[in-house]
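If you want the building blocks of each chain, they are given just below.
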Amino acid sequence: MAIKEIFGPISRLGTLIAYYLLYAFVYLLSLLPFKCLYLLADIMFILVFHLARYRRRVVWRNLTSSFPQKSKTELRLIERQFYHWFCDYIFETFKLLSISNEQLLEHIEFRGVEELEKVFDEGRNCSAILGHYCNWEWLSASGLAFKQYPQAAMGLIYHPLYNKAFDRLFINLRSKHGGVCIPKKDILRFLVDYRHENRRSLFGYISDQAPKWENMHLWLDFLNHDTAVFTGGERIMQKMNDAVFYVDMQRPRRGQYICTFRLLSSEAAKEADNAITRKFFQMLENSIQQQPAYYLWTHNRWKRTHEAFDKRFEIKNGKVIPRA
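Basis of the calculations
- Residues numbered from 1 in each chain as written.
- Predicted model: local features only at pLDDT ≥ 70, side-chain atom pairs only at ≥ 80, totals over all residues.
- Heavy atoms only, no water.
- Phe/Tyr/Trp six-rings, centres within 6.5 Å; stacked < 30°, edge-to-face > 60°.
- Helix = DSSP H or I, 4+ residues; strand = E, 2+ residues; numbered from the N terminus.
- Buried < 20%, exposed > 50% of the residue type's maximum accessible area, 1.4 Å probe, protein only.
- Lys NZ or Arg CZ within 6 Å of the ring centre and 35° of its normal.
- Core = buried A, V, L, I, M, F, W, Y, C linked by side-chain atoms within 4.5 Å.
- Contact = heavy atoms within 4.5 Å.
- Pairing = 2+ DSSP bridges.

Student: Can you help me understand the packing of aromatic side chains in this one?
Tutor: Centre-to-centre distance and the angle between the planes together describe a pair of aromatic rings. Under the defined criterion, the tally for this structure stands at 34 aromatic pairs. Judged by centre distance (5.3 Å) and plane angle (75°), the rings of Trp-138 and Tyr-257 are edge-to-face. Here Tyr-257 lies in strand β9 (residues 256–265) and Trp-138 lies in the loop between β2 (126–130) and β3 (153–158), a separation of 119 residues in the sequence. Like Tyr-257, Trp-138 is buried. Clustering of aromatic rings is evident, with ring pairs tying together Phe-45, Phe-49, Tyr-54, Phe-82, Tyr-83, Trp-85, Phe-86, Tyr-89, Trp-136 and Tyr-294. Here the basic side chain of Lys-95 rests over the ring of Phe-34, its NZ or CZ set 5.5 Å away from the ring centre.

In structure tokens:
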């Protein structure tokens, strides 16, 4: 018997046990009221910011290079505000596991929904494009704001996590309030199926990740950096000819979010190549400039440079290939 045949079931059992232990722990935490969760977040801030100094160098490098016009005092304030929000974000996300739909809607307001419903009235579907800004996990509850289309599919395209227990937990969190989680490799098939079923859909594309070398087809000026960006989401939107909305999130105070759907393109298929991606990054940068503390600065976004790309790769017939 092959070794993998022996340890395969054990590994799956271990993952299952880890998932249920993790789920139980997070669920118990989620039962706490927001005041208690934010108290835990304040304690976590001390541990993460002062003791563990979690990715402090990455955050500081990102902030100083993104806002060269700001003083060191201003940047230190943004840094501290970011880590406070980041700890809040973790416990806010855990809260999704037990909070009721009615309670959640007391903490997040959805605006511009009527524009989405107009598109649905036309028998067409929508795409939402967003970044790692404010609490993007709470957007899995967007479907709660739709009164005329309760059967519409509302969800998020995601990249499965390496840790299977955490991956299963986050799928559970994101689907708790009606969200549909689709791995990015499967999204086109699902969209085609929904169209055949004549079912309206709104799927969110988080489009500000750093692409791998082979996916670097477009570079943009974003936050004072020459930035490689994904264009795959735009190609799917164009193929489906969706109406595209930018998800503009704000956090007026702790525990409160406002999500506004802003029309970016009424018909994606009619847009020039990369136009949607360019507009998205302009709108995302504008959001970040208004409240910079709520962007995910721990991500090493600019580790791959345009100069390094040009030395190692070239684009031929739309494909990235290594230089000879």
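Student: Mind showing me how you'd approach the nonpolar core here?
Tutor: Here is a general trend for soluble globular proteins: nonpolar side chains tend to be buried in one another's company. Counting 96 residues, the largest nonpolar core has Leu-202, Phe-203, Met-249, Phe-261, Ile-288 and Trp-297 as its most contacted members. When residues in this core are grouped by element, the largest group, 11 residues, is from helix α4 (residues 72–95). Beyond its immediate stretch of four places on either side in the chain, Ile-288 contacts Phe-67, Tyr-133, Phe-222, Leu-223, Tyr-295 and Trp-297. Formed by 7 residues, the second largest nonpolar core is a distinct cluster that contains Met-216, Trp-219, Ala-228 and Val-320.

Student: Before we go on, may I ask you to explain the pairing of strand β4 (residues 179–183) in this structure?
Tutor: Within a regular strand, side chains alternate between the sheet's two faces. Within β4, 4 of the 5 residues are buried, which leaves the element mostly enclosed by the surrounding structure. Note: β3 against β4, 5 bridges, orientation parallel. Within the sheet, the bridge partner assigned to Gly-155 lies in β4 and is Val-180.

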